[in-house]
Amino acid sequence: MRIRKLRKNDFFLLNELDWTPLPKERDSIYLILAVDQGKCSFIAEQEGEFLGVVLATRGADGGSIYVNHLLVKGGSRQRGVGKSLMDRLEKYAAKEGARRIWLFCHAELEGYYESRGYCERYDFLTPELKKYIRTVKGVHAYLKEIQPARHSGDR
Ligand SMILES: CC(C)(COP(=O)(O)OP(=O)(O)OC[C@H]1O[C@@H](n2cnc3c(N)ncnc32)[C@H](O)[C@@H]1OP(=O)(O)O)[C@@H](O)C(=O)NCCC(=O)NCCS
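Residues numbered from 1 in each chain as written. Predicted model: local features only at pLDDT ≥ 70, side-chain atom pairs only at ≥ 80, totals over all residues. Heavy atoms only, no water.

**Considering the overall build of the protein chain**
Here's step 1: Per the secondary structure count, the protein chain includes five helices and seven strands.
Here's step 2: For 155 residues, the compact-globule estimate of 2.2 N^0.38 gives 15 Å, and the C-alpha radius of gyration of the protein chain, at 15 Å, lies within 12% of that figure.
Here's step 3: Taking the principal axes of its C-alpha atoms as reference, the protein chain extends roughly 45 × 40 × 30 Å.
Here's step 4: Buried positions account for 41% of the 155 residues belonging to the protein chain.
Here's step 5: Within the protein chain, residue pairs in contact and separated by at least 24 positions form 62% of the contacts whose partners lie at least 6 positions apart. (Helix = DSSP H or I, 4+ residues; strand = E, 2+ residues; numbered from the N terminus. Rg over C-alpha atoms; globule rule 2.2 N^0.38 Å. Buried < 20%, exposed > 50% of the residue type's maximum accessible area, 1.4 Å probe, protein only. Contact = heavy atoms within 4.5 Å.)

Written as structure tokens, this is what we have:
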């Protein structure tokens, strides 16, 4: 399995992908991520065949990375593809000095992210946003603090 950075023309793949059970975004979202967030978004593939993707967005001050979507295609799940994608993203964050990775997830995936060191956190949001996220969106906010890479050789 190979993990590579998202390329601009991966837009066409993202736009055609079956995102079930995740929502399919508007094409402009995929376009923006493919054009502008290729450094912190990654694709897993084997012999050119798509296995999975983590789409992420780096915040304006560079300190945080938000995971828009993590998706492994049906038939390739439970084989470490999601783990490899998240490992790659965390390595990127450590190397580039981003200190936090955060995301929203539904209750059934809390265990998945907790086992990867993510904690449910709302302290970086306002109380009003926390209430909206929990009651209207019905999701949980998870965050992992990232330790900076110690050597430039870690790149
Ligand atoms: C969630 C998802 C990305 C996981 O990817 P994956 O490649 O199947 O997962 P991995 O093989 O990397 O799993 C690694 C570990 O997590 C565990 N795990 C997988 N799904 C889990 C879940 N829903 N809850 C708890 N643990 C889970 C596995 O058992 C495995 O444990 P192990 O290392 O002890 O054997 C994948 O199932 C998927 O694409 N689901 C649909 C889309 C989705 O819900 N994305 C998340 C949006 S927040």
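**Focus on helix 2 (residues 27-36)**
Here's step 1: Taken together, the buried positions of helix 2 are occupied by Y30, L33 and A34. Projected down its long axis, helix 2 carries its buried residues within an arc of 95 degrees, all on one side. Away from its buried face by more than 90 degrees, helix 2 exposes I32 and D36.
Here's step 2: Looking at the buried residues of helix 2, the elements they touch are helix 1 (11-16), strand 3 (49-58) and strand 4 (64-72). (Arc of directions from axis to C-beta.)

**Comments concerning the layout of surface pockets**
Here's step 1: In this model, the largest pocket occupies a volume close to 1,000 Å³.
Here's step 2: If you trace the largest pocket, you find 33 residues lining it, with L22, L70, L71, L109 and Y113 closest to the centre.
Here's step 3: It is strand 4 that contributes the most residues to the lining of the largest pocket, seven residues altogether.
Here's step 4: Looking at the lining of the largest pocket residue by residue, the classes come out as 20 nonpolar, seven polar and six charged. (1 Å grid on protein atoms, 1.4 Å probe; cavity = no way out; pocket = protein on both sides within 12 Å on 5 of 7 lines; lining within 4 Å. Points joined across faces, edges and corners; volume = space filled by probe spheres on them. Nonpolar A, V, L, I, M, F, W, Y, C, P; charged D, E, K, R; others polar.)

**A word on the site of the ligand**
Here's step 1: Near the ligand there are 19 residues, and of these L70, V72, G80, G82 and K83 occur at the shortest range.
Here's step 2: R77 is positioned with one of its side-chain polar atoms (N or O) 3.5 Å from an oxygen atom of the ligand.
Here's step 3: Within the complex, 67% of the 920 Å² of free accessible area of the ligand lies under protein.
Here's step 4: Among the cavities detected, the one that contains the ligand is the largest pocket.
Here's step 5: Elements that contribute at least two residues to the shell around the ligand include exactly strand 4, helix 3 (81-96), strand 5 (100-105) and helix 4 (110-114).
Here's step 6: Residues belonging to the shell around the ligand are distributed by class as follows: 11 nonpolar, four polar and four charged. (Near = heavy atom within 4 Å. Polar contact = N/O pair within 3.5 Å; in protein donor to acceptor, adjacent residues only side chain to side chain. Areas by Shrake-Rupley, 256 points an atom, 1.4 Å probe, with all protein chains shown as cover. Sits in = over half its atoms within 2 Å of the grid points.)

**Quick word on the sheet that holds strand 6 (residues 119-120)**
Here's step 1: Spatially, 1-2-3-4-5-7-6 is the arrangement adopted by the seven strands of the open sheet, whose pairing is mixed. Strands at the two margins of the open sheet, each flanked by one partner only, are strand 1 (2-5) and strand 6.
Here's step 2: As paired elements, strand 5 and strand 7 (residues 140-145) share six bridges and run antiparallel to each other. Note on strand 7: the bridge partner recorded for R100 is E145. (Pairing = 2+ DSSP bridges.)

**Details of the pattern of salt bridges**
Here's step 1: By the definition in use, this model includes 11 salt bridges.
Here's step 2: With its nearest N and O atoms 3.3 Å apart, the salt bridge here joins E45 to R4. Highlighted residues: E45 in strand 2 (residues 42-46) and R4 in strand 1, separated in sequence by 41 residues.
Here's step 3: The buried category is assigned to E45, whose relative accessible area is 10%.
Here's step 4: Across the pair E96 and K95 runs a salt bridge, and its minimum N-O distance is 3.6 Å.
Here's step 5: In this structure, a network of salt bridges that share partners links the residues K83, D87, E90, R116 and K144. (Salt bridge = Lys/Arg side-chain N within 4 Å of Asp/Glu carboxyl O.)

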